[in-house]
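A closer look at the structure
Now for the letters of each chain:
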Amino acid sequence: MPVTKLVPLGLLLLLYFSVVICNALDNRCWTLGDFNSPALERDGDIVIGGLFPMHYIALETDQNYSERPQHQECSGFDFRAFRWVQTMVFAIEEINSNSSLLPGVTLGYRILDSCDHVHTSLRSALSLVNGTFSQTESNADNSAKCLSTAPVPAVIGLASSSPTRAVAQTLGPFGIPLISYFATCTCLTDKKEYPSFLRTVPSDVFQVQGLVQLVSHFGWRWVGTVGTDDDYSHYGIQAFTEQLERLGGCIAFHHTIPKAPTQAQIHAILNSLEGSTAQVIITFATEGQLLELLVEAAHRNLTSRQWVASEAWVTAKLLTIPKLHPVLVGTVGFAFRGTTIPGLAEFLLRVRPSPRPESIFTNMFWEELFGCKLDYKDGADSELSTLCTGLEDLMETENSYTDVSRVRISYNVYKAVYAIAHALHQLLQCGSKEQSSDRICNTESKFSPWQLLHYLKKVNFTNQFNEKVYFDNNGEPVPLYDIINWQKNDRGTIQFQMVGTYDGSAPHGQQLKIDEGLIQWTGGHTEAPVSLCTPPCPPGTRQATRLGQPVCCFDCLPCAEGEISNISGATECIKCPRYYWPNNERISCVAGTEEFLSYQEIMGIILISLSLFGVAVATVITVIFFLFRSTPIVKANNSEMSFLLLLSLKLCFLCSLVFVGRPSPWTCRARQAAFGISFVLCISCILVKTIVVLLAFRSTMPGSISVKLFGPPQQRVFIFCCTTGQVILCACWLALAPPYPYKNTSYQGGKIVLECKDVWPLGFYLVLGYIGLLSCVCFALAFLGRKLPDTFNEAKLITFSMLIFFAVWISFIPAYNSSPGKYTVAVEIFAILASTFGLLFCIFVPKCYVILVRPDLNTKKGMTGKMSK
């Protein structure tokens, strides 16, 4: 069990066994004694308890457990807390003078000092609930007519979260309501552990959400945290850290200020602050706990850090002393919603010291404020200090007590008193139909604290400031904050300037409202400071977290190929849409450059020109052969096959034109079919010519009829059958898996290559293989006939032409597979043109040479080699 739970439990047992002893014989109870705590009190029909930290330092005392513990001395009087006390008194007196609220019922109060310490707070709380009032005659009379079964049916307190937890755990089992005006710890929301706890101050849950939004608003992703050794700081910083990290922020350092820090500990914290690159420090602490650290920071001239304050010290006058101005001017933070309470300023200024016991806190305040001693005690040593007259003028002072221009915590106290009054109004059925016409409350029967708690949870009213006061299921009010900025005015003093608001109940995105033009930043700067471990990565790069370091510390890496980042601080690069490519800076996607072998570019023009040139040459040869068709050399080479071969060569030249230009569904299908059929027709003609040559020489043998068996009709059928095979193969390929236009984006440099994609690549290689098969047969036959006796043996020319054909197409395959983009098409066109030119020149140029240059050889004797020398 945690220590924080053991302490209240032990005190409960102490309360039960030792504070109240019941005599079993006469059934009478009496108290063993009082803690002799100073109190500010006033009698009434109902007495409301109050616990306030009028001192913020509780001196630790050693207990020997052999004698009764003495009253714990406290030091460091807090003017602001005394204003809270007087606000409670003011509110109660205002209610007592209000005939419409609790008519006929007088509220009283008993207020004790908690010293902002767990032990002192528990002692004071036990003193309240045990009813150890001063035994005056008036008190005895009032106790007889007290309307509550408990001496104090409700307690207003406390300020710090740790004492509040201890007191709330103690009072919870008895159902005594505890309404806090300043304890904001999230831990107090647990209704199982703190069933009677309510508060008029928002939970730290909302403050933390606001602080995280504030930090995110200004882009502070690398911040430090400073807290104290208490629940308020622990829970607040833990929640802040978790929410900040969810949004991508990081904590550069965290330091806890001990309850009684040594100089070495203070120096160690400041050394860390100075050495850190974080320029923003989030602080969860009270002003008393921060004072020593900030004074030492001022001595070191640590003025470059931006302080972000929690609500506990954002409006603390204690820290506005001139020596802290260089450090704290520019501080921003969250404060509770404030207002101006009419009549409060005048009430505060009417406070005067008095020798009466109930004025003990006023006397302490007076002596501390004016630096003098009141001569009310017997034997007071007036020689050692200046005596107070009691007539000093409060209006001539300037401190947190008299500054009521816009009270915040005091307003929370004010609302707590009125919440109890409205709950009592309902509980006592004031003004109901059951009561008489004069609207007097029901005072005939007494009520228990748990009954008051029931009505407190249901209280719902609108106060004079037009603010709705109610508690949700967790006992929380509406989370409203002002954003405060510490600014130096013309008089050289600090003023708390409101620069924005935060409404935790508003829709997300509308909660934080801030006017940056009103903010005065630390060091007198007009722009918000920058607090980053690493500056945001520029567009075109992405963040890469460094190994073993927080996510806010990273390296900037260029976006990968095909990706961009168009914002600063991108954690991931965005892949460009299909057919788009990053620009050189990789900050935007631009449409990729479409690339294909066009008619306008130089390569396309050259290939088209070569193709047309080949057609022209073939046409010229055709004309020559037609003009000299009666000559022996034309007749000897099967003129019909020669003309058909020339036609097929023209088709081979022309089919290359289909490969040039933007691919379309029609051209993708036509180009391979035209190529395959044209070349098969060409090779078939050459194969027929080769067979005819071989058969012609065999026919010279006696009784040979081979030429007759392979005459022109058979030759035509043979060519038709060979070509039909290719036609069927192409038709099946194009019908089942035709090539289609495809935009290939796999190339670098933003190129989109328009190409014809083969769904079935095997189809192309079958077409090419069929051509290769016919070529091999043709080459084999031509090779066999290369040594036949003839002056102009065509078999030799066919053999040589087929060698060139093989060389071109064997080298084509690896070049085709390795060429990028449009060059793949260019390689295929080049192979078509090269092989076609090889066949055309090797077979027909020698014949044209004989026809045009050596007509003497174009005779029968010249053809047979019998020409006279």
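Re helix H9 (residues 287-299)
Quick reminder: α-helices carry 3.6 residues per turn. Residues three or four places apart thus point the same way. Given a rise of 1.5 Å per residue, 13 residues ought to cover 18 Å, and the 18 Å separating the end C-alpha atoms of H9 matches this to within 8%. Most pronounced at Leu293, the bend in H9 amounts to some 25°. Glu287, Leu290, Leu293, Leu294, Val295, Glu296 and Ala297 are the residues of H9 that are buried. Where H9 terminates, the next one or two residues include Asn301, which has phi positive at roughly 60°.

So, the side chain of Ser127
Its location among the elements puts Ser127 in helix H3 (residues 118-130). Overall, Ser127 belongs to the buried group, its relative accessible area being 1%. A polar side-chain atom of Ser127 sits 3.2 Å from a polar atom in the side chain of Arg110.

Focus: the pattern of salt bridges
Enumeration according to the criterion identifies 19 salt bridges in this entry. For Glu358, the salt bridge is made with Arg356, and the minimal N-O distance between the two is 3.6 Å. Exposure remark for Glu358: the relative accessible area of 27% places this residue in the partly exposed category. Residue Glu594 is joined to Arg662 by a salt bridge in which the shortest nitrogen-to-oxygen separation is 2.9 Å. On the criterion of sequence distance, the pair formed by Glu594 in strand S27 (residues 593-595) and Arg662 in the loop between helix H17 (639-655) and helix H18 (665-698) is long-range, its members being 68 residues apart.

Details of the state of the cysteines
Cysteine pairs can be linked by a disulfide, which is a covalent bond between their two sulfur atoms. Enumeration over the complete set of coordinates arrives at ten disulfides. Disulfide partner of Cys372: Cys388, at an S-S distance of 1.6 Å. Its S-S torsion of approximately 105° makes the covalent link between Cys372 and Cys388 right-handed. With Cys372 in the loop between helix H12 (360-370) and helix H13 (409-427) and Cys388 in the loop between H12 and H13, this pair connects stretches of sequence that are 16 residues apart. On the basis of relative accessible area, Cys372 is assigned to the buried category, the value being 7%. For Cys388, a relative accessible area of 10% gives the class buried.

Describing the nonpolar core
If you look at the biggest cluster of nonpolar residues, it comprises 101 residues, and the most contacted ones within it are Met88, Leu102 and Phe240. Per-element tally for this core: the top contributor is H13, with 13 residues. Residues in contact with Leu102, not counting those within four places in the same chain, are Ile95, Leu107, Ala421, Leu424, His425, Leu428, Cys430 and Cys441. Listed in part, the 69 residues of the second largest apolar core include Cys655, Leu681, Phe806 and Tyr816.

Notes on the packing of helix H15 (residues 602-627) against helix H23 (residues 822-852)
Running from N to C, H15 and H23 cross one another at 25°; their axes reach a closest spacing of 10 Å. Classified by the interaxial angle, the pair formed by H15 and H23 is roughly parallel. In this structure, the crossing between H15 and H23 has a hand that is left-handed. On H23, the residues that touch Met603, Leu607, Leu610, Ser611, Phe613, Gly614, Val617, Ala618, Ile621, Ile624 and Phe625 of H15 are Tyr823, Ala826, Ile829, Leu833, Phe837, Leu840, Phe841, Phe844, Lys847, Cys848, Ile851 and Leu852.

Remarks on unusual backbone geometry
Backbone torsion omega between Gly157 and Leu158 reads 0°, so that peptide bond is classified as cis. In this structure, Asp116 is a non-glycine residue whose phi angle is positive, near 55°. Structurally, Asp116 is set in the loop between strand S7 (107-113) and H3. For Asp116, a relative accessible area of 21% gives the class partly exposed.

What to know about the pairing of strand S14 (residues 306-309)
Where burial is concerned, the two faces of S14 agree: the one with Gln306 and Val308 and the one with Trp307 and Ala309 are both buried. Across four bridges, strand S13 (residues 280-284) lies against S14 in parallel orientation. Across the sheet, Thr283 pairs through a bridge with Ala309, a residue of S14. Each parallel crossover has a hand, and the one from S13 via H9 to S14 is right-handed. Judged from the two bridges that link them, S14 and strand S15 (residues 332-336) form a sheet pairing that is parallel. Among the inter-strand pairings, Val308 is bridged to a residue of S15, identified as Val332.

A short note on the sheet that holds strand S29 (residues 751-757)
The strands making up a sheet associate through hydrogen bonds between their backbones, and the pairing can be parallel or antiparallel. Taken in spatial order, the three strands of this open sheet run S27-S29-S28, and their pairing is mixed. Among the strands making up the open sheet, the edge pair consists of S27 and strand S28 (740-744). Averaged over all adjacent pairs, the angle separating strand axes in this sheet is 30°, with direction ignored. Relative to S29, S27 runs parallel, the two being bridged by three bridges. When the sheet's bridge partners are listed, Glu595 is paired in S29 with Val753.

Topic: the packing of helix H2 (residues 79-96) against H13
Across the interface, H2 lies against H13 with an axial gap of 9 Å and an inter-helix angle of 30°. The orientation of H2 with respect to H13, classified from their angle, is roughly parallel. Handedness of the H2/H13 crossing: right-handed. Between H2, through Arg80, Arg83, Trp84, Thr87, Met88, Phe90, Ala91, Ile92, Glu94 and Ile95, and H13, the contact on the second element is made entirely by Ile409, Ser410, Val413, Tyr414, Val417, Tyr418 and Ala421.

A closer look at the environment of Cys668
Note on placement: Cys668 falls in helix H18. Cys668 gets classed as buried once you look at its relative accessible area, which sits at 0%. Here the alpha-carbon distance between Cys668 and Lys757, two residues 89 residues apart in the chain, equals 8.3 Å. Non-local contacts of Cys668, meaning those with residues more than four positions away in its chain, are made with Pro663, Pro739, Tyr740, Pro741 and Cys756.

Re the sheet that holds strand S10 (residues 197-199)
The six strands lie next to each other as S3-S7-S4-S8-S9-S10, forming an open sheet whose pairing is mixed. At either margin of the open sheet sits one strand with a lone partner, and together these are strand S3 (39-42) and S10. Packed onto the sheet, H3 meets strand S4 (46-52), S7 and strand S8 (155-156) and runs at close to 155° relative to S7.

Some details on the packing of aromatic side chains
One pass over the full model with this rule turns up 43 aromatic pairs. Relative to Phe365, the ring of Phe82 lies with its centre 4.7 Å away and its plane at 20°, an arrangement referred to as stacked. One end of the pair, Phe82, is in helix H2; the other, Phe365, is in helix H12, with 283 residues separating them in the sequence. Summarising the aromatic geometry, the rings of Phe675 and Phe679 are spaced 5.2 Å apart at their centres and angled 55° between planes, so their arrangement reads as tilted. On the criterion of helical spacing, the pair formed by Phe675 and Phe679 is a turn pair, its members being four residues apart in helix H18. Since its relative accessible area comes to 1%, Phe675 is described here as buried. Every member of this aromatic cluster is reached through a ring pair, and the members are Phe675, Phe679, Phe764, Tyr765, Phe779, Phe783, Phe805, Phe806, Trp809 and Phe812. Between Lys458 and the ring centre of Tyr455, over which it is positioned, the NZ or CZ distance is 5.3 Å. The ring of Phe844 carries the charged tip of Lys847 above its face, separated from the ring centre by 5.5 Å.

Observations regarding the confidence of the model for the protein
Summarising the model, the protein shows a mean pLDDT of 84, and 87% of its residues fall at 70 or more. Residue range residues 1-28 is modelled with pLDDT below 50. Its contacts to residues more than four positions away, or to other chains, number 38 contacts. This model gives residues 134-144 a pLDDT under 50, and the stretch forms nine contacts once residues within four places in sequence are excluded.

Section: the pairing of S4
Of all seven residues that make up S4, seven are buried, and the element is covered over most of its length. The two faces of S4 match: Ile46, Ile48, Gly50 and Phe52 on one face and Val47, Gly49 and Leu51 on the other face are all buried. As defined by bridge partners, S4 adjoins S7 across seven bridges and the pair is classed as parallel. What sits directly across from Val47, in S7, is Gly108. The sheet contact formed by S4 and S8 spans two bridges and is parallel. In the strand pairing of S8, Gly50 is matched with Ile156.

Conventions we followed
Residues numbered from 1 in each chain as written. Predicted model: local features only at pLDDT ≥ 70, side-chain atom pairs only at ≥ 80, totals over all residues. Heavy atoms only, no water. Helix = DSSP H or I, 4+ residues; strand = E, 2+ residues; numbered from the N terminus. Expected span 1.5 Å × (residues − 1). Bend = angle between axes of the 7 residues up to and from the residue. Buried < 20%, exposed > 50% of the residue type's maximum accessible area, 1.4 Å probe, protein only. Polar contact = N/O pair within 3.5 Å; in protein donor to acceptor, adjacent residues only side chain to side chain. Salt bridge = Lys/Arg side-chain N within 4 Å of Asp/Glu carboxyl O. Disulfide = S-S within 2.5 Å. Core = buried A, V, L, I, M, F, W, Y, C linked by side-chain atoms within 4.5 Å. Contact = heavy atoms within 4.5 Å. Axes fitted to C-alpha atoms, helices over the stretch in contact; angles between N-to-C directions. Parallel < 35°, antiparallel > 145°, perpendicular 65-115°, else oblique. Left-handed = near helix turned anticlockwise from the far one by under 90°. Pairing = 2+ DSSP bridges. Right-handed = clockwise from strand over helix to strand, strands pointing away. Phe/Tyr/Trp six-rings, centres within 6.5 Å; stacked < 30°, edge-to-face > 60°. Lys NZ or Arg CZ within 6 Å of the ring centre and 35° of its normal. pLDDT = per-residue confidence, 0-100.

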